[in-house]
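Chain by chain, the residues run as shown.
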Amino acid sequence: MRMVMLGAPGAGKGTQARLVSTKYGAVHLSMGSILRHEVAEQTEIGRSIRGTLSKGDMVEDGIVNMIIENQLQRYESVILDGYPRTLLQAQHLDRYLKEHPPVLDVVFLLELAVDSVIHRLSGRRVCDRCSKTYHIQFYRLERCPCGGHLIQREDDNPETIRHRMEVYQAEIKPLRDFYEQCGLLYPIGADQSVEGIFADISEVLDGIILPKM
Ligand SMILES: [Zn+2]
């Protein structure tokens, strides 16, 4: 099964992708994690994108397209999280998958209002070891149970968040239209609990998987 998880920053794409990965056995490919790993390891790609990432801007198409193609050669069943982010990337992915099937089965769009996004992201802390996320409103931990430190991501401050939302809103519409025309788009309301969102996603996936069995 190949799927894409779209949605505003902070709508819970990563969390939902991890849950889907556990239940349905697809590999979770988080573009954000892959890029941050490149930066942390100070690879050639990492050094070239560090400034772009910390401003909340988008990494150029050529780099992310290349990264995702490498991953798709390794894994058949995947959940793409954080890619594609532009219409050009989506069209590139579409062409690539037609030449290297299987093609996409479903595209989820987690929908969330701007105010909710700012509230969620500015209180978000990320474990520097296992990447699990916590919100300071619900968790008063100093450390993750895995032993890692909880840190605020460089791009999770209100000013950068507003900028990321502007970038996101400009880019999501053509992407949404594209996948709607492909008949792959499933919008999911993300202003609910993690369990509620996952129940909605599971219902769609079960409706897609079961007929194929
Ligand atoms: Zn951890």
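Below: a short report on this structure. (Residues numbered from 1 in each chain as written. Predicted model: local features only at pLDDT ≥ 70, side-chain atom pairs only at ≥ 80, totals over all residues. Heavy atoms only, no water.)

This brings us to the environment of Asp128. Within the fold, Asp128 resides in the loop between strand E5 (124-127) and strand E6 (133-135). Sequence separation between Asp128 and Arg153 is 25 residues; the distance between their C-alpha atoms is 9.5 Å. Residues contacting Asp128, with those up to four places away along its chain left out, are Gly148, His149 and Ile151. (Helix = DSSP H or I, 4+ residues; strand = E, 2+ residues; numbered from the N terminus. Contact = heavy atoms within 4.5 Å.)

Quick look at the coordination of the zinc ion now. Binding of the zinc ion to the protein goes through Cys127 (SG), Cys130 (SG), Cys144 (SG) and Cys146 (SG), at separations of 2.3 Å. Each donor residue of the zinc ion belongs to the same chain, with the gaps between them written as C-x2-C-x13-C-x1-C. Within this pair, whereas Cys130 is found in the loop between E5 and E6, its partner Cys146 is found in the loop between E6 and strand E7 (150-151), the two being separated by 16 residues in sequence. Since its relative accessible area comes to 36%, Cys130 is described here as partly exposed. (Donors = N, O, S within 2.8 Å, 3.2 Å for Na, K, Ca; no water. Buried < 20%, exposed > 50% of the residue type's maximum accessible area, 1.4 Å probe, protein only.)

Looking now at the nonpolar core. Membership of the largest hydrophobic core comes to 56 residues, with the highest contact counts inside it found for Val20, Leu93, Phe108, Tyr179 and Ile201. For this core, the element with the highest residue contribution is helix H7 (residues 158-181), accounting for seven residues. Not counting residues within four places of it along the chain, the set of residues in contact with Tyr179 comprises Leu6, Pro84, Ala90, Leu93, Leu104, Val107, Leu184 and Leu185. (Core = buried A, V, L, I, M, F, W, Y, C linked by side-chain atoms within 4.5 Å.)

A few words on the sheet that holds E7. The strand order across the open sheet formed by three strands is E6-E5-E7, and the pairing between neighbours is antiparallel. The two strands at the open ends of the sheet, each matched to only one other strand, are E6 and E7. As paired strands, E5 and E6 are joined by three bridges and run antiparallel to one another. Among the inter-strand pairings, Arg124 is bridged to a residue of E6, identified as His135. In the packing of helix H6 (residues 114-122) onto the sheet, contacts are made with E5 and E6, and the angle to E5 comes to roughly 45 degrees. (Pairing = 2+ DSSP bridges. Axes fitted to C-alpha atoms, helices over the stretch in contact; angles between N-to-C directions.)

Attention now goes to the packing of aromatic side chains. For any pair of aromatic rings, the description consists of the separation of the ring centres together with the inter-plane angle of the planes. Under the counting rule described, the total for this entry stands at two aromatic pairs. Taking the centre distance of 6.4 Å and the plane angle of 50 degrees together, the rings of Phe108 and Tyr186 count as tilted. Note that Phe108 is positioned in strand E4 (residues 106-111) and Tyr186 in strand E8 (residues 185-189), a separation of 78 residues in sequence. For Tyr186, a relative accessible area of 32% corresponds to the partly exposed category. Here Phe178 and Tyr179 contribute two aromatic rings whose centre-to-centre distance is 5.1 Å and whose plane-to-plane angle is 70 degrees, an arrangement assigned as edge-to-face. Like Phe178, the residue Tyr179 is buried in the burial classification. (Phe/Tyr/Trp six-rings, centres within 6.5 Å; stacked < 30°, edge-to-face > 60°.)

With that out of the way, let us pick up the packing of helix H2 (residues 31-40) against helix H3 (residues 44-54). Interhelical geometry of H2 versus H3 gives an angle of 115 degrees and a closest axis separation of 8 Å. As the angle between them shows, H2 and H3 are arranged roughly perpendicular. The handedness of the crossing between H2 and H3 is left-handed. Only Ile45, Gly46, Ile49, Arg50 and Leu53 of H3 make contact with H2, whose side of the interface consists of Leu35, Arg36, Glu38 and Val39. A breakdown of the residues in the contact of H2 with H3 according to their chemical character gives five nonpolar, one polar and three charged. (Parallel < 35°, antiparallel > 145°, perpendicular 65-115°, else oblique. Left-handed = near helix turned anticlockwise from the far one by under 90°. Nonpolar A, V, L, I, M, F, W, Y, C, P; charged D, E, K, R; others polar.)

Taking strand neighbours across the sheet as the criterion, the five strands line up as E2-E3-E1-E4-E8 in an open arrangement whose pairing is parallel. Strands with a single pairing partner mark the edges of an open sheet, and in this sheet they are strand E2 (27-30) and E8. Within this sheet the neighbouring strands show an average axis-to-axis angle of 20 degrees, counted without direction. Pairing of strand E1 (residues 2-7) with E4, which is carried by five bridges, proceeds in the parallel orientation.

Before going further, it helps to examine the pattern of salt bridges. This model, assessed by the stated rule, comprises six salt bridges. A salt bridge links Lys98 to Asp94, with the shortest nitrogen-to-oxygen separation between them at 3.0 Å. Separated by four residues within a single helix, Lys98 and Asp94 lie in helix H5 (residues 87-99), roughly one turn from each other. Take Lys98: its relative accessible area is 59%, and that puts it in the exposed class. As a salt-bridge pair, Asp156 and Arg164 come within 2.9 Å of each other at their nearest N and O atoms. Assessed through its relative accessible area of 9%, Arg164 is described here as buried. Connected through salt bridges with shared partners, the residues Arg124, Asp156 and Arg164 form a single ionic network. (Salt bridge = Lys/Arg side-chain N within 4 Å of Asp/Glu carboxyl O.)

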